[in-house]
Structure formats: structure tokens, C-alpha cells
Amino acid sequence: MKNGDNFDIVIVGGGLAGGLAAAALARAGFRCAVVDAADPAKMRKAAFDGRTTAVSYASARVFRRLGLWDAVADEAEPIRDILVTDGRAKNRFDKGTVSSFALHFDSAELEDNTPLGWIVENRFLRESILDAIEQDENISVFAPAKRSSAVFNDGAAEITLADGRTLKGALVIAADGRFSSLRGEAAIKTNEWRYRQTGIVITVAHERPHEGVAQEFFLPSGPFAILPMTENRSSLVWTEREDAAPAYLALDDEAFRTEIENRFGPYLGAVSLAGPRWSYPLAFTLAQSYIAPRLALIGDAAHAIHPIAGQGYNLGVKDIAALVDVLVEARGVGLDIGAMTVLQNYQRWRRFDSATLALGTDLLNRLFSNDFPPLRFARDLGMGAVGKIAPLRKMFMRHAGADLGSLPSLMAREG
Ligand SMILES: Cc1cc2nc3c(=O)[nH]c(=O)nc-3n(C[C@H](O)[C@H](O)[C@H](O)COP(=O)(O)OP(=O)(O)OC[C@H]3O[C@@H](n4cnc5c(N)ncnc54)[C@H](O)[C@@H]3O)c2cc1C
């Protein structure tokens, strides 16, 4: 242990959100403890998490400013275009046949021609974060170590680990994921529902280049996203009805590959499986409060949303950047960083913003995951309108880049 058992901040959960929070807060001069039940050596393995993340350009700024981007830059594939189609595979290569109910977002339309984001394998994000926090003098990592209890007093909070060790801090950050036990113990209620959908995730290799195009087809069972990766590979996020998913997951490789190819259409040429299949039950969870005395929720502990827009982690990155600003400001004027008056500034900044996006993605999924003719008509009208109005298209692109609203310092635009 680098700093004894007294810290400014104890972060429970060392996943993509908790780990990044530690890196950002330590850089701002806070002494942090990070507790995670999982073994870091296992977290670094490809078999730990088969997903990719669409990192928005605002989130990428945070990684850059913390010095973490260099480690992932070679593994990050820029998203140049996003094509959204109501129905199956239409694409930019089918000249003249693209449905009028397709939307095309082109990064060239943005003033600075920045990519719309980057697709990065979670294992590389995780590795860069773990490397940073393990080397930081201001951070002590306790892992594998399960948090077993928490006490929040007037003067400090105390976290007890399953092996009996105790860690004290002025503030505890709950970054313990969608099923956050800290959130439950703090009696913070949630709004939550299951989608009755499963996210099937797999990496595929293909004959033709994707040219940086991210495709999303809205099929009746749910969105089917093909996300460009390095080296002529793509990551699929195939949302399927939860009752149908097990049968697809049980198919042999060739039958599974054929199902994928049928959904892709011919635009990427022959497709082969380039990794194992993963599946995630999809659900919505929104905490009714992001704070309690000496406790702040970030990442999936605060909001777990449908992956339809690839924004879940990006919301968490914005939580972290906002919390850093709030805590630095409080410390600057000598306030207690665990006081409710301080934490309320964080809640005001983040809760409305993330609830709006969370509910927006929920609506999008409901609107598109069905074949009900009046709904189909309404959504196609909407897509037609957005497709024809350039300022609207640009606004959607700024949303995809998480570059709207009041941006914390770590996310602010250069210049
Ligand atoms: C199919 C799919 C695709 C997605 N794609 C995208 C995308 O393209 N873009 C995007 O922005 N987001 C995406 N997301 C969302 C993103 O993956 C999540 O928002 C993100 O991984 C959440 O990270 P987290 O650190 O908050 O939570 P978790 O990853 O759940 O981490 C929680 C950590 O807390 C630890 N923990 C829990 N309880 C305890 C305890 N008692 N003691 C100690 N440790 C504990 C766990 O071990 C774990 O490491 C996707 C999600 C899914 C399901």
C-alpha cells in the first residue's frame, strides 16, 4: 500500500469508469484507493470482455489529457461515417439503392473534419487504465478485494473489505456497476426495466474494407450494429429478442456465420468469425439520486442504458470529468469534498443530462425494435427530415460525439 489506509477518495469498482476516475482524480492531486473484486491480471485478458466501445471525441479528449490515449491510439479505428437504415443492409456502396429511410452522418460535414468517434476494444481501454493507475503514486489498488460494508459518518466514510481491511476517505465513489450494492445500501432507488433483448457481440473479419463506416440496421428484433475495427475487422452488436437469442448463440460456427452474412448483405464481401460470441442481457437502470452523504455514483452505477447509440460509457466519462471539476473547486475554497452541498453541484450537472440521454436511447429502441406500420411510418418520416436538414444532422453528430452541453475542463474543446 502506498499511502496507508487514509485517502481523500475511496473508489469502489475499478472497471472502465472507476479506473478512469482514479486516474483523473489522482492527476488533480487527490489520494485515491481503488477497490475491485476482480483480479487485475484477469481483467487484462482478452477473455474478460469481448466488447468494443465507440469512444466519442469528447471522451477521447479526456483520455488524451490524462495521457492514456497514446496506449490505445494504434488500436482505435476512426468512425468516418455513420449509416443508419430502417430495415436490412443498404449501404453507401449500393449506389442509387439506398433507401430514403436511411440516414447518413458524414464526418466531413463537421467544421474540423474530426472523426465521429473511435471504435476501441475494451481490453485495450482497460489495459491503458490499469497501467496508469498501477503506476500512479497517488493511487493504491486493492484487487482482487471485495467491498463488504460501508459506514458514512459526519467526518469520514469507512469501507471494509471482505478480508477485514478498512479504508477511510472523505468521499466514496460508487463505480460498482449496474447492480451497485453501494447504491442499494445508501437506499438510493432506481427506475429500471428489462428490455427482453440480448446483445450478441462478436468480432468478424471481412474481405473488403469498411472504410470507417459504422452501420446500424434497425431490424424488428432490435438494432444490428456493425462497427469498424482495425485490420478489416468489425465488431457486431446484434440485439435479438431474449427468447430467440439462445438458439442463435447455440448455432455451429458456419450456421452462425451465415446468419451474420444474411444480415450484412454483400457490401463487406465474405465474412469470417474472428473471436468468441458474447451475450449481454439488456436492461435500463437509472438511479433516482446520484449522491448521498459522502457518496457519489458514476458510470453504470448511476445509469445503465441500451447500447443502441453506443453512449453508456461516454456518459460515465462525462460523470468523471464533471466530478473532477466539482471536487477541485470545492477543495480550492476549503470545502469538505464529501459534503452534500458540494455533491449537489455534481448531481445538478450530471443527472438531468444523463437521464435525458438514457430515456432518449430507450425511446429510440422502442420506436425501432418493431414492425408496427404506423410507428414505421412515423420513424421513417423523422429519418427523412433529419436526413434533409443539414443543421439537424450536425446536431446529431455533435450528440454522437458527446460534444454538447456544458463540458467539464477535461472534455473542453481546444483553443
Ligand atoms: C453490448 C454492449 C455494448 C456497449 N457498447 C458501448 C459503446 O459502444 N459505447 C459506450 O460508451 N458504452 C457502451 N456500452 C456500455 C459500457 O460497456 C458500460 O457503460 C461500461 O462498461 C460500464 O463500466 P462501469 O465501470 O461503470 O461498470 P462495470 O464494468 O460493471 O464495472 C464495475 C466494477 O465494479 C466491481 N465491483 C462490483 N461490486 C463490487 C464489490 N462489492 N467490491 C469490489 N468491486 C466490485 C466489478 O468487479 C467491476 O469491475 C455497451 C454495453 C453493452 C452491454
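Preceding this section is the structure that the text describes.
Residues numbered from 1 in each chain as written. Predicted model: local features only at pLDDT ≥ 70, side-chain atom pairs only at ≥ 80, totals over all residues. Heavy atoms only, no water.

## Considering the overall build of the chain
Next, step 1: Counting secondary structure elements, the chain contains 12 helices and 20 strands.
Next, step 2: Per-residue burial for the chain yields a buried fraction of 53% across its 415 residues.
Next, step 3: Taken as a whole, the chain presents about 17200 Å² of accessible surface, with 55% of it coming from carbon and sulfur. (Helix = DSSP H or I, 4+ residues; strand = E, 2+ residues; numbered from the N terminus. Buried < 20%, exposed > 50% of the residue type's maximum accessible area, 1.4 Å probe, protein only. Areas by Shrake-Rupley, 256 points an atom, 1.4 Å probe, with all protein chains shown as cover.)

## Observations concerning unusual backbone geometry
It is generally the case that most residues other than glycine have a negative phi and that most peptide bonds are trans.
Next, step 1: Residue Pro-144 is reached from Ala-143 by a cis peptide bond, and omega for that bond is 0 degrees.
Next, step 2: Its place among the elements puts Pro-144 in the loop between β8 (139–142) and β9 (147–152).
Next, step 3: For Ala-187, which is not glycine, the phi torsion reads 60 degrees and is therefore positive.
Next, step 4: You can call Ala-187 exposed: its relative accessible area is 64%.
Next, step 5: We note that Glu-231 has phi near 60 degrees; this positive angle belongs to a residue other than glycine.
Next, step 6: Summarising the element assignment, Glu-231 is placed in the loop between β14 (222–229) and β15 (233–241).

## Brief notes about the packing of helix α1 (residues 16–27) against helix α9 (residues 312–332)
Next, step 1: It is the contact of α1 with α9, at a shortest axis distance of 10 Å, that shows an interaxial angle of 30 degrees. Of the possible angle classes, the one that applies to α1 and α9 is roughly parallel. Handedness of the α1/α9 crossing: right-handed. Across the interface between the two elements, Leu-16, Ala-17, Leu-20, Ala-21, Ala-24 and Leu-25 of α1 pack against Tyr-313, Val-317, Ile-320, Val-324 and Leu-327 of α9. (Axes fitted to C-alpha atoms, helices over the stretch in contact; angles between N-to-C directions. Parallel < 35°, antiparallel > 145°, perpendicular 65-115°, else oblique. Left-handed = near helix turned anticlockwise from the far one by under 90°. Contact = heavy atoms within 4.5 Å.)

## Regarding the site of the ligand
Next, step 1: Taken together, 28 residues are adjacent to the ligand, and Asp-36, Ala-54, Arg-147, Asp-300 and Tyr-313 come closest.
Next, step 2: Here a nitrogen atom of the ligand sits 3.0 Å away from a polar atom, N or O, in the main chain of Ala-37.
Next, step 3: Here Gly-310 contributes a backbone N or O atom positioned 3.0 Å from a nitrogen atom of the ligand.
Next, step 4: Relative to its free-state accessible area of 1000 Å², the ligand is covered by the protein chains to the extent of 86%.
Next, step 5: The set of elements that each furnish at least two residues to the shell around the ligand consists of α1, β3 (52–55) and α9.
Next, step 6: In terms of residue class, the shell around the ligand is made up of 12 nonpolar, 10 polar and six charged. (Near = heavy atom within 4 Å. Polar contact = N/O pair within 3.5 Å; in protein donor to acceptor, adjacent residues only side chain to side chain. Nonpolar A, V, L, I, M, F, W, Y, C, P; charged D, E, K, R; others polar.)

## As for the pairing of strand β17 (residues 278–287)
Next, step 1: Of all the 10 residues making up β17, eight are buried; the element is thus mostly covered by neighbouring parts of the structure.
Next, step 2: Where strand β12 (residues 190–206) lies against β17, nine bridges are found, and the strand directions are antiparallel. Bridging from a neighbouring strand, Arg-194 pairs with Ala-283 of β17.
Next, step 3: Relative to strand β20 (residues 303–304), β17 runs antiparallel, the two sharing two bridges. In the sheet register, Thr-285 faces β20, and the bridge partner there is Ala-304. (Pairing = 2+ DSSP bridges.)

## Here's the deal with the sheet that holds strand β4 (residues 77–79)
Next, step 1: Spatially, three strands are ordered β3-β7-β4 in an open sheet, and the strand pairing comes out antiparallel. Strands at the two margins of the open sheet, each flanked by one partner only, are β3 and β4. Strand-to-strand twist in this sheet, taken as the mean axis angle between neighbours without regard to direction, amounts to 30 degrees.
Next, step 2: Pairing between β4 and strand β7 (residues 117–121): three bridges, direction antiparallel. Along β7, the bridge assignment pairs Ile-79 with Gly-117.
Next, step 3: Here helix α3 (residues 57–65) sits on the sheet and contacts β3 and β7; the angle it forms with β7, its principal contact strand, is near 60 degrees.

## Digging into the nonpolar core
Next, step 1: Counting residues in each nonpolar core, the largest one holds 108 residues, and the members touching the most others are Ile-9, Ile-11, Leu-20 and Leu-25.
Next, step 2: With 10 residues, the top contributor of residues to this core is α9.
Next, step 3: Leaving out residues up to four positions away in the same chain, Ile-11 has contacts with Gly-18, Ala-21, Ala-22, Leu-25, Cys-32, Ala-33, Val-34, Val-35, Ile-173 and Ala-175.
Next, step 4: Counting 16 residues, the second-largest nonpolar core is a separate cluster that includes Ile-202, Val-204, Trp-238 and Tyr-267. (Core = buried A, V, L, I, M, F, W, Y, C linked by side-chain atoms within 4.5 Å.)

## What to know about the packing of aromatic side chains
Next, step 1: For the structure shown, the criterion picks out nine aromatic pairs.
Next, step 2: Centroid distance Phe-7 to Phe-142: 6.2 Å. Interplanar angle 90 degrees. Geometry classified as edge-to-face. Here Phe-142 lies in strand β8 and Phe-7 lies in strand β1 (residues 6–12), a separation of 135 residues in the sequence.
Next, step 3: For the pair Trp-238 and Tyr-248, a centre-to-centre distance of 5.0 Å together with 55 degrees between the ring planes defines the contact as tilted. Of this pair, Trp-238 sits in strand β15 while Tyr-248 sits in helix α7 (residues 245–249); the two residues are 10 residues apart in sequence, bridging distant segments of the chain.
Next, step 4: Residue classification places Trp-238 among the buried positions, given a relative accessible area of 1%.
Next, step 5: Note that Arg-277 overlies the ring of Phe-256, its terminal NZ or CZ placed 4.0 Å from the centroid. (Phe/Tyr/Trp six-rings, centres within 6.5 Å; stacked < 30°, edge-to-face > 60°. Lys NZ or Arg CZ within 6 Å of the ring centre and 35° of its normal.)

## A closer look at helix α5 (residues 122–135)
Next, step 1: The first and last C-alpha atoms of α5 sit 20 Å apart over 14 residues, in line with the 20 Å expected at 1.5 Å per residue.
Next, step 2: Listed in full, the buried residues belonging to α5 are Asn-122, Phe-124, Leu-125, Arg-126, Ser-128, Ile-129, Leu-130 and Ile-133. (Expected span 1.5 Å × (residues − 1).)

## Digging into the pairing of β7
Next, step 1: Within β7, five of the five residues are buried, which leaves the element mostly enclosed by the surrounding structure.
Next, step 2: Side chains Gly-117, Ile-119 and Glu-121 of β7 all project onto a buried face; the interleaved residues Trp-118 and Val-120 project onto the opposite face, where all are buried too.
Next, step 3: Here β3 runs beside β7; their pairing, made up of four bridges, is antiparallel. Across the sheet, Val-55 pairs through a bridge with Trp-118, a residue of β7.

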